[in-house]
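Read off the chains here:
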Amino acid sequence: MKVHLSALLAGLCATVLAATAQTKPNRIEVPSRTGVPARIPSPANPNPFLLAPAQQAPQLPSQSVRGQPRSFNLDTSLARLFADMKSVTATGEFELSVTNAGKVEVTTLPLTLHLIEGRVRTEIDLSALPMRIDSTGPFASLRNSGINRVTTLTMSTINLRLTQQLFPDAKAYITHPLPDEDIPAMIRLDKVALGKDPANGLEKFQATLTYTTGEKRPVRLWQTSAAVPQLAQIQFDVGDTLITVRIRAVESIAENALAKALFQIPTNYFKFTDVGQMLQFHSANQTRTRR
């Protein structure tokens, strides 16, 4: 999501989220309770769908820094690949194959994508992942805090360019600006047909995403050979991590009211500056509730 993803991934943010949760601020400030996003100075962005290149463990997305390796934003990359579909919901799965010390670890999560003309909403369900008391497993910091759902909203319209990470179980969200180079409409897509893949019968393509920075990102695509071809599988290599997105079904979003609601933050959500602050506040609140 992630990779979201901004940084939605070896072990699914395990290393970074655990480290972030352990970095405690000197004090907890009561977060803002509002559905209106505000511009945040520049904390770590907790999008699980954003990977930093050449890292075995995913990191939370951060703003791009010229001259430094750029984080990979899966959400906006998917939006560019689905650019021909103006208003759709795609469901499938998100799979990470991480090579660590010669061992390959595979994690698969259900994934839902809503793409509406420059806006992307990704939803992942963490409930299938095992709980890890030692806080070393995939999304351990979130799971151990009772957070099982993560939603990412990416807006890249002319007057609104930002990413928002929502945690419904904590009624919390975090907002960050979207770098210009991650605007889907600014990413060039080139692809070369490789013929039918004998392994699955789908048409295979080798594609390249070219960003305004000059960076090029290879991607492998598989699509159906129907009258109107449809993307069925997408693969990215990010360092030692293989990211696979499989699309099982695509449906049009016909209702304008539904499309609008998908990109609104509930008014009872608290706004936080980073995932560490959110986890600390949520854990403290749960402790008080249990007493």
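What this report covers is the structure whose coordinates are included nearby. (Residues numbered from 1 in each chain as written. Predicted model: local features only at pLDDT ≥ 70, side-chain atom pairs only at ≥ 80, totals over all residues. Heavy atoms only, no water.)

## Here we look at the environment of Asp125
Spelled out, the test is: The way it works is that DSSP assigns letters per residue, a run of H or I at least four long becomes a helix, a run of E at least two long becomes a strand, and they are numbered from the N terminus. Only protein chains enter the calculation, and the probe is 1.4 Å; a residue is then buried if its accessible area is under 20% of its type maximum, exposed if over 50%, and partly exposed in between. In this analysis, two residues are considered to be in contact whenever any of their non-hydrogen atoms come within 4.5 Å of each other. Polar contact is the term for a pair of N or O atoms within 3.5 Å; when the atoms are in protein, one must be able to donate a hydrogen and the other to accept it, and sequence-neighboring residues count only if both atoms are side-chain atoms.
Topologically, Asp125 is positioned in strand β6 (residues 119-125). When its relative accessible area of 30% is taken as the criterion, Asp125 is described as partly exposed. It is 5.0 Å that separates the C-alpha atoms of Asp125 and Arg149, two residues lying 24 residues apart in sequence. Discounting residues that sit within four places of it in the chain, Asp125 has contacts with Leu109, Pro110 and Asn148. Engagement of the side chain of Asp125 in a polar contact is seen with the side chain of Ser127, the distance being 2.7 Å.

## A few points about the packing of aromatic side chains
Put simply, the test is: Two aromatic rings, drawn from Phe, Tyr or Trp (for Trp, its six-membered ring), form a pair once their centres lie within 6.5 Å of each other, and the interplanar angle then sorts them: stacked below 30 degrees, edge-to-face above 60, tilted otherwise. Consider the ring centre and the ring normal. A charge sits over the ring if Lys NZ or Arg CZ is within 6 Å of that centre and within 35 degrees of that normal.
This model, assessed by the stated rule, comprises three aromatic pairs. Taking 4.8 Å as the distance between ring centres and 55 degrees as the angle between the ring planes, the aromatic pair formed by Phe72 and Phe236 counts as tilted. Of the two residues, Phe72 sits in strand β3 (residues 72-73) while Phe236 sits in strand β13 (residues 231-238), which places them 164 residues apart along the sequence. For the pair Phe72 and Phe236, a shared accessibility class is recorded, and that class is buried. Taking 6.1 Å as the distance between ring centres and 55 degrees as the angle between the ring planes, the aromatic pair formed by Phe270 and Phe281 counts as tilted. Placement of Phe270 in strand β15 (residues 270-272) and of Phe281 in helix α5 (residues 275-290) is noted, with a sequence separation of eleven residues between them. Three or more aromatic residues joined by ring pairs make a cluster, and in this case those are Phe270, Phe272 and Phe281. Residue placement shows Lys191 over the ring face of Phe205; its charged tip is 4.8 Å from the ring centre.

## A short note on helix α2 (residues 74-81)
With seven of its eight residues buried, α2 lies for the most part within the structure. The complete set of buried residues in α2 reads Leu74, Asp75, Thr76, Ser77, Leu78, Ala79 and Leu81. A distance of 3.1 Å separates the backbone nitrogen of Asp75 from a side-chain oxygen at the start of α2, and that oxygen is part of Asn73.

## So, the pattern of salt bridges
Pairs can form between side chains of opposite charge once their charged atoms are near each other. Quick note on the threshold: Think of a salt bridge as a Lys or Arg side-chain nitrogen and an Asp or Glu carboxyl oxygen that are within 4 Å of each other.
Following the criterion strictly, the structure yields nine salt bridges and no others. Put simply, Asp190 and Arg188 hold a salt bridge, and the shortest N to O gap is 2.9 Å. A residue is classified by how much of its surface remains accessible, and Arg188, at 46% relative accessible area, is partly exposed. Arg220 serves as the salt-bridge partner of Asp237, at 2.8 Å between the closest nitrogen and oxygen. Of this pair, Asp237 sits in strand β13 while Arg220 sits in strand β12 (residues 216-223), and the two are 17 residues apart along the sequence. Taking relative accessible area as the criterion, Asp237 reaches 40% and is therefore assigned partly exposed. What you see here is one network of salt bridges that share partners, running through Glu93, Glu95, Arg246 and Arg248.

## Points about unusual backbone geometry
One can expect most non-glycine residues to show negative phi and most peptide bonds to be in trans. Unlike most non-glycine residues, Lys171 shows phi in positive territory, near 50 degrees. Residue position: Lys171 is located in the loop between β8 (160-167) and β9 (172-177).

## Focus: the pairing of strand β5 (residues 103-116)
Operational definition: By definition, two strands form a pair when at least two bridges between them are found by DSSP.
As defined by bridge partners, strand β4 (residues 87-100) adjoins β5 across 14 bridges and the pair is classed as antiparallel. Looking across to β5, one finds that Glu95 is bridged to Thr108. Taking the residues that link successive antiparallel strands as the turn, the β4-β5 hairpin has two residues, and the phi of Ala101 there is positive, at about 55 degrees. Hairpin connection from β5 to β6: two residues lie between these consecutive antiparallel strands, with Glu117 at a positive phi of about 40 degrees.

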